[in-house]
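Summary of the model geometry
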Amino acid sequence: MTSYVPYPKCSFHEVGGSTLDSHHGFVVEYGRDRDVDLGFHVDDCEVTLNVCLGRQFSGGDLYFRGIRCDKHVNTEYQPEESFDYSHVIGQAVLHSGRHRYGARATRSGHRINLLLWCRSSAFRELKKYQKDFSAWCGECQREKRERQRLSVAATKLQLLRRQGDNTVASNC
């Protein structure tokens, strides 16, 4: 039996979207006598579908703080990586499972969310051998830009030194 995937497989190509081959669904309830909030984390999947089934509630906003690989999951976020999302009953948010996020406290009422974690066994196997995730990890991208900046600076310095050496040689 083939599993049904409720979104285009061409999405999330950087984390194996076209090879999503398994899923795990579950329900989370927030409110009095239930979970109140959910701490900062990443999901154990490549793609997450989070559907707000609701009832009446206030609070419970999601806060997103950048996509990270395993090596950089605990690094600081940059202001441009900050995004807050307010749940609306009957609507869903689809995001990378590597997107770091949490849920703020549900202040009143009862919030119910259906979560579907979609996984790619091919991407998980590839991750064992791959070290650079600059295609999607915000910190890998920053490290790559810094390496490029340092390389350009070193090349400029070499050129300036050569130019200086040539100037001294021509004055002799």
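What comes next is a walk through the structure. (Residues numbered from 1 in each chain as written. Predicted model: local features only at pLDDT ≥ 70, side-chain atom pairs only at ≥ 80, totals over all residues. Heavy atoms only, no water.)

1. Let's talk about the overall build of the protein
- Looking only at helices and strands, the protein features two helices and nine strands.
- Seen in sequence order, the protein has helices and strands lined up from the N terminus as β-β-β-β-β-β-β-β-β-α-α.
- In the protein, buried positions account for 37% of the 172 residues.
- Carbon and sulfur atoms make up 54% of the accessible area of the protein, which amounts to about 10700 Å² in all. (Helix = DSSP H or I, 4+ residues; strand = E, 2+ residues; numbered from the N terminus. Buried < 20%, exposed > 50% of the residue type's maximum accessible area, 1.4 Å probe, protein only. Areas by Shrake-Rupley, 256 points an atom, 1.4 Å probe, with all protein chains shown as cover.)

2. Concerning the side chain of Ser96
- Relative to the helices and strands, Ser96 resides in strand β7 (residues 92–96).
- Within the structure, the side chain of Ser96 is placed 3.1 Å from the backbone nitrogen of Arg98, a separation counted as a polar contact.
- If sequence neighbours within four positions are ignored, Ser96 has contacts with Phe12, Glu46 and Ile67. (Polar contact = N/O pair within 3.5 Å; in protein donor to acceptor, adjacent residues only side chain to side chain. Contact = heavy atoms within 4.5 Å.)

3. Let's talk about the side chain of His72
- Positionally, His72 belongs in the loop between β5 (62–67) and β6 (82–85).
- Take His72: its relative accessible area is 4%, and that puts it in the buried class.
- At 2.9 Å, the side chain of His72 and the side chain of Glu143 are in polar contact.
- Those residues in contact with His72 that sit more than four places away from it in its chain are Arg100, Cys137, Glu139, Cys140 and Glu143.

4. Structural notes on the nonpolar core
- Ranked by internal contacts, the top residues of the largest apolar core, which has 14 residues, are Cys69, Phe133, Trp136 and Cys137.
- At the level of elements, β3 (47–52) and β9 (106–119) are the ones that each hand at least two residues to this core.
- If one sorts the elements of this core by residue count, β3 sits on top with three residues.
- Residues contacting Trp136, with those up to four places away along its chain left out, are Glu14, Val15, Ile67, Arg68, Cys69, Arg98, Phe123 and Gln141.
- Tyr30, Tyr85, Val93 and Ala103 belong to the second-largest nonpolar core, a separate cluster that totals eleven residues. (Core = buried A, V, L, I, M, F, W, Y, C linked by side-chain atoms within 4.5 Å.)

5. A closer look at the pairing of β9
- Counted residue by residue, β9 has ten buried out of 14 residues, so it is predominantly covered.
- As defined by bridge partners, strand β1 (residues 22–31) adjoins β9 across ten bridges and the pair is classed as antiparallel. Bridge pairing links Val28 to Asn113 in β9.
- Here β3 runs beside β9; their pairing, made up of six bridges, is antiparallel. Opposite Cys52, over in β9, you have Asn113 as the bridge partner.
- Two elements, strand β4 (residues 57–59) and β9, share three bridges in a ladder whose sense is antiparallel. Pairing of Gly59 across the sheet is with Thr106, part of β9. (Pairing = 2+ DSSP bridges.)

6. So, the sheet that holds β6
- A sheet is described by the order of its strands in space; here four strands give the open sequence β2-β8-β5-β6, paired in antiparallel fashion. Strand pairing shows two members of the sheet lacking a second neighbour, β2 (38–41) and β6, which therefore form its edges. Pairs of neighbouring strands in the sheet enclose a mean axial angle of 20°, with direction left out of account.
- Pairing geometry for β5 and β6, over four bridges, is antiparallel. Pairing of Leu62 across the sheet is with Tyr85, part of β6. (Axes fitted to C-alpha atoms, helices over the stretch in contact; angles between N-to-C directions.)

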